[in-house]
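What the coordinates show
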Amino acid sequence: MPLLKIEGLCKSFGGLKAVNDVSFDVAEGEIVGLIGPNGSGKTTLLNLLTGFLKPDAGLITFQGQNITGYARSNICPTGIARTFQLVKPFLGFTALQNVMVGRVFGRESTQDLKRAAEESKASLERVGLVDKANMLAKDLTLMQRKRLELARALAAKPQLLLLDELMAGLNVSEADEVCNLILNIRDSKITILIIEHIVKAITTLSDRVVVLNMGTKIAEGAPMEIIHNPQVIDVYLGRARA
Amino acid sequence: MNKIQITIIVILLAALLAFPQFITSESVLNLAVYVLLYVSIASSWNVLGGFAGQTNLGHAAFFGVGALVTRMLWFAGWNIFASMVIGALVAVVLALIIGVPAFRLRGVYFAIGTLALSQILLITVGNTFSTISSIPTEDLKVYSLVPRYYMFLGVALLTIVTAYVLLNSRFGLGITAVREEEDAAESLGVSALKYKMLAFGISAFFGGLTGGAFAFYHVGYYPQLTFGPEWTFDSMMMAYIGGVGTIVGPVIGAVFFVVLREFLALRFAEFHLIIFGVLFILVVLFLPDGFMGIWEKIRKRLLRRSK
């Protein structure tokens, strides 16, 4: 049984079919890359998975449980955590408090704030931010905020982590650091669905790649297969005219 | 809390308890009652307005409902404490009914929506209960300010302690997270609507309880008085002046506000309203974290220097 199963998912905004009959699976322990040109429906798909949008049709099954149309605050407790394309830290909180929200309200929700604080420190340690624990999120750099967002999602103890363009806005060496972090997270048995524009990052990280174009899935397969797929090259670079 | 803080609190508490034993001047005692009243109402406004960041411009409705229900039950022969609790609970029910549609609105629209609802209530109450409500003559014969003082002290302490416990709990973490970034909070499992409704209910409860104490205190007034928008705006101003979203902020704000108002009203009569208006604008523009913000800055600078 796949960890996540998406079947015939549809979402329209007025006349625009943002996600059109998309189906694919994510198996436990995999890193699946989701790519496609701007406006191809990647973020919409992620918003459908996390309850930020309600699908018009289709079925989302997570660990055998039908989670289609769940309220967005009910998604994380089932074991799915996400990051945002434009980071959304709790600006007036310290880094530690940011992470604590994930720990306290996530999958293993708790009343014990003291223990939650200690475990949240461990999450900060994991992303290399523990020395900034008492700094306010508004005083962190973009790179630190991205790490913070990752630590916060990890503290929620997800089985599936959805990463929305985590590397956007980072320079090459920072992006490499984030790549290593993601591989490190996978090694702790967390399944990852990653949306990314940087093709190199996707090909190094992903076990499998799903390609969207204009809301429709046009290809799925191993990274090397995908980057040589003529249809994928077409949508990214335009049709070659001989 | 550290040892110094606990010592300060104990001394303050002892002073507040002993206060009416040493002070017999009625005007001073009345002033103290108003300080405590505003501490309670500003702290209760702060639970929704500060912790949850939902600017409620209809808080007077809960103060008014608390006062109205308490007054009715008390005059009908009920025990004053029972009357106040029922009054506060009616305020909670009202908040939960208002909350469902109101929380569909965000930011400015929530503020305007709650203001409109409380103004509707103000007019309705004015038309329905148009005669003056006075404490019956036989009760007036034994009327004393001291039990009123202790009533307000009790309500104020209960409000502050509850707010403190809430802010430092799981609930506090969740509701402030919703204030800081609602989408992120929801994505981590915090139900924004549930937490806002809880904050609204608690805020209304203590607003209503303060109203109940007012009903116990005030000899004669038109029921409409307790629904006036000034209760809302004064509470909000006090919270902002002292430090919105903190525990101590509304307390300091209330003391500052009431004492300054007394001072200004004696000298400038109605003109003091303009002074407060200007003061409020200055605070919002230059001290968004109020007096507590200044204190934090000083404390941080001292800490840095001592390193």
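What counts and how
Residues numbered from 1 in each chain as written. Chains lettered and ligands numbered in written order. Predicted model: local features only at pLDDT ≥ 70, side-chain atom pairs only at ≥ 80, totals over all residues. Heavy atoms only, no water. Helix = DSSP H or I, 4+ residues; strand = E, 2+ residues; numbered from the N terminus. Rg over C-alpha atoms; globule rule 2.2 N^0.38 Å. Contact = heavy atoms within 4.5 Å. Areas by Shrake-Rupley, 256 points an atom, 1.4 Å probe, with all protein chains shown as cover. Buried < 20%, exposed > 50% of the residue type's maximum accessible area, 1.4 Å probe, protein only. Lys, Arg positive; Asp, Glu negative; His and termini not counted. Charge placed at Lys NZ, Arg CZ, Asp CG, Glu CD. Buried area = accessible area lost by both parts, 1.4 Å probe. Salt bridge = Lys/Arg side-chain N within 4 Å of Asp/Glu carboxyl O. Expected span 1.5 Å × (residues − 1). Domains from an automatic or database assignment. Pairing = 2+ DSSP bridges. Axes fitted to C-alpha atoms, helices over the stretch in contact; angles between N-to-C directions. Phe/Tyr/Trp six-rings, centres within 6.5 Å; stacked < 30°, edge-to-face > 60°. Lys NZ or Arg CZ within 6 Å of the ring centre and 35° of its normal. Patch = residues over 30% accessible without salt bridge, like charges linked within 9 Å, V, L, I, M, F, W, Y side chains within 5 Å.

This next bit is on the overall build of chain A. The number of helices and strands found in chain A is nine helices and 10 strands. Computed over C-alpha atoms, the radius of gyration of chain A comes to 18 Å, within 12% of the 18 Å expected from 2.2 N^0.38 for 242 residues, which places it in the range of a compact globule. Over its C-alpha atoms, taken along the principal directions, chain A stretches across nearly 65 × 40 × 35 Å. Put simply, 64% of the contacts in chain A that link residues at least 6 apart link residues at least 24 apart. For chain A, the accessible surface area stands at approximately 10,500 Å², while carbon and sulfur atoms represent 52% of it.

For chain B, the helix and strand inventory stands at 14 helices and two strands. Here chain B has a C-alpha radius of gyration of 19 Å; the compact-globule value for 307 residues is 19 Å, and the two agree. For chain B, the spread of C-alpha atoms along the three principal axes comes to 65 × 45 × 35 Å. Counting the 307 residues in chain B, one finds 48% classified as buried. Sequence separation of 24 or more characterises 79% of the internal contacts of chain B that already satisfy a separation of 6 or more. Accessible surface, chain B as shown: approximately 14,800 Å² in total, 71% of it carbon and sulfur. Each charge sign in chain B was given a centre, from 19 positive and 14 negative side chains, and these centres are 10 Å apart.

Across the boundary between the two partners, chain B contributes 21 residues, which contact 26 residues of chain A. Carbon and sulfur atoms supply 65% of the area buried between chain B and chain A, which totals about 2,000 Å² over both sides. The largest share of the area that chain B buries against chain A comes from Arg170, Leu173 and Leu188 of chain B, three residues that together contribute 39% of it. Viewed at the interface, chain A and chain B are joined by four salt bridges. As a salt-bridge pair, arginine 72 of chain A and glutamate 182 of chain B come within 3.9 Å of each other at their nearest N and O atoms.

Since the α-helix advances by 3.6 residues per turn, residues separated by three or four positions end up pointing in the same direction. The buried fraction of helix α3 (residues 95–105) of chain A is high, at 10 of 11 residues. Taken together, the buried positions of α3 of chain A are occupied by Ala95, Leu96, Asn98, Val99, Met100, Val101, Gly102, Arg103, Val104 and Phe105 of chain A.

All names here are of chain B. With 14 residues, helix α11 (residues 229–242) should reach 20 Å at 1.5 Å per residue; the first-to-last C-alpha distance of 20 Å fits that figure. The buried fraction of α11 amounts to 10 of the 14 residues, a majority that puts the element mostly inside the structure. Positioned one or two residues after α11, glycine 243 has a phi angle of 140°, which is positive.

Residues and elements named next belong to chain B. As for its position among the elements, arginine 261 is in helix α12 (residues 248–268). Along the chain, arginine 261 and glycine 50 lie 211 residues apart, while their C-alpha atoms are 23 Å from each other. The contact partners of arginine 261, leaving out residues within four places of it in the chain, are Tyr38, Asp234, His272 and Phe276.

This paragraph deals with the domain arrangement of chain A. In many reports, interface size means the accessible area that the parts give up when they come together. All names here are of chain A. According to the domain assignment, chain A consists of domain 1 (1–77 + 158–242) and domain 2 (80–157). Between the C-alpha centres of domain 1 and domain 2 the distance comes to 23 Å. Listed as interface residues are 31 residues of domain 1 and, on the opposing side, 20 residues of domain 2. A buried area of about 2,400 Å², summed over both sides, lies between domain 1 and domain 2, and 62% of it is on carbon and sulfur atoms.

Residue and element names in this part refer to chain A. Strand order in this open sheet of four strands is β2-β1-β4-β5, and the pairing throughout is antiparallel. On the outer flanks of this sheet lie β2 (16–26) and β5 (65–66), each paired with one strand and no other. Of the strand pairs in this sheet, strand β1 (residues 4–13) and strand β4 (residues 57–62) are connected by five bridges, and their pairing is antiparallel. The partner of cysteine 10 across the bridge, within β4, is alanine 57. Seen against the sheet, helix α1 (residues 42–49) touches β1, β2 and β4 and runs at an angle of roughly 115° to β1.

For the coordinates displayed, the defined rule picks out 27 aromatic pairs over all chains. Ring geometry for phenylalanine 110 of chain B and phenylalanine 200 of chain B: centres 6.3 Å apart, planes at 70°, overall edge-to-face. Note that phenylalanine 110 of chain B is positioned in helix α5 (residues 108–128) and phenylalanine 200 of chain B in helix α10 (residues 192–217), a separation of 90 residues in sequence. In this pair, the class of phenylalanine 110 of chain B matches that of phenylalanine 200 of chain B, namely buried. With centroids separated by 5.4 Å and ring planes inclined at 80°, the aromatic side chains of tyrosine 149 of chain B and tyrosine 150 of chain B adopt a geometry described as edge-to-face. The class of tyrosine 150 of chain B is partly exposed, set by a relative accessible area of 27%. Members of the aromatic cluster, connected to one another through ring pairs, are Tyr34, Tyr38, Phe63, Phe152, Phe214, Tyr217, Tyr221, Trp231, Phe257 and Phe276 of chain B. Here the basic side chain of arginine 82 of chain A rests over the ring of phenylalanine 52 of chain A, its NZ or CZ set 4.8 Å away from the ring centre. The ring of phenylalanine 84 of chain A has lysine 88 of chain A sitting right over it, with the charged end atom 5.3 Å from the ring centre.

Attention now goes to a positive patch on the surface. A cluster of basic residues, Lys138 of chain A together with Lys297, Lys300, Arg301, Arg304 and Arg305 of chain B, forms a positive patch on the protein surface. Mapped onto the secondary structure, arginine 305 of chain B falls in helix α14 (residues 290–306).

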